[in-house]
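An overview of the molecular structure
Chain by chain, the residues:
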Amino acid sequence: MSEFNCPNCGTLLRPAIQQVKMLSCESCTTTILLEDEGLRLAGEQGVLHQVPMLFGLGDEIQINAARYQILGQARFSYGRGTWDEFWALREDQESAWISVDEGDLILQQSLTRSEWPRYDGYLQLGSTVEYDAEIFAVTEIGSGECTGLQGSFGHTLYVGETYQFYNLQGDRGRVLSAEMQEGSREWFLGRWLDPFEVEVLHR
């Protein structure tokens, strides 16, 4: 993997994997975008106050038989509280997101555009979507503001930006979620995790 110097302070940066699209400089807390034409400053990484968590940035964890390296952490505020999104790399080089919200954990992976669920009209509370032989119902709609970033990510995030989110619960236990922001959207498919399924191997 290539090495770069922070365009703000000159610190040597080593993205963990080829898929990294952005990372934060540990020395000056600047967020940097990795683009085909070079590096671009993207602003500050915000503040991530340390709170007790099951795992953290840099940890290697095991969930059932799969191992994950935690590469990035993003924190979002939804007014009455916050939640954290950890970007992780599985041992087969597939990326995943682990959401942590007041002790609830969800392991999910991004869906490609061709895999997105299809539905008529607009999503609202109680709406149902059929996806992969499972019925999903919209259980939560809200918005969250990104308040802090650290580490590396496979796509760009910006401190201060607000994202609309939709959470859908499936009748077989899986979870669909969507994030929408200024005309762009992403869909994720995952499942709830029991904290006892997560083992921290290395800190």
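Now for a quick tour of the structure. (Residues numbered from 1 in each chain as written. Predicted model: local features only at pLDDT ≥ 70, side-chain atom pairs only at ≥ 80, totals over all residues. Heavy atoms only, no water.)

Bringing the overall build of the protein into the picture now. A count of helices and strands for the protein gives zero helices and 16 strands. The buried share of the protein, reckoned over its 203 residues, is 44%. Once local pairs closer than 6 in sequence are excluded, the contacts in the protein between residues at least 24 apart make up 48%. For the protein, the computed accessible surface area is about 11100 Å², with 46% contributed by carbon and sulfur atoms. (Helix = DSSP H or I, 4+ residues; strand = E, 2+ residues; numbered from the N terminus. Buried < 20%, exposed > 50% of the residue type's maximum accessible area, 1.4 Å probe, protein only. Contact = heavy atoms within 4.5 Å. Areas by Shrake-Rupley, 256 points an atom, 1.4 Å probe, with all protein chains shown as cover.)

What follows is about the environment of Ile 70. Mapped onto the elements of the fold, Ile 70 is located in strand 7 (residues 66-77). For the pair Ile 70 and Gly 56, spaced 14 residues apart in sequence, the C-alpha to C-alpha distance is 6.9 Å.

Okay, the pairing of strand 8 (residues 82-90) next. In terms of residue burial, strand 8 counts as a mostly covered element, since seven of its nine residues are buried. Pairing between strand 7 and strand 8: nine bridges, direction antiparallel. Considered in strand 8, the bridge of Ala 74 is made with Glu 85. Connecting strand 7 to the next strand, strand 8, in antiparallel fashion are four residues, including Gly 79 with a positive phi near 95°. Bridging between strand 8 and strand 9 (residues 95-101) involves six bridges; their strand directions are antiparallel. What sits directly across from Glu 85, in strand 9, is Ser 99. (Pairing = 2+ DSSP bridges.)

This paragraph deals with the environment of Gly 56. Relative to the assigned elements, Gly 56 resides in the loop between strand 5 (38-44) and strand 6 (60-63). Given the relative accessible area of 18%, Gly 56 is considered buried. Among all residues touching Gly 56, those that are not within four sequence positions of it are Ile 70 and Phe 86.

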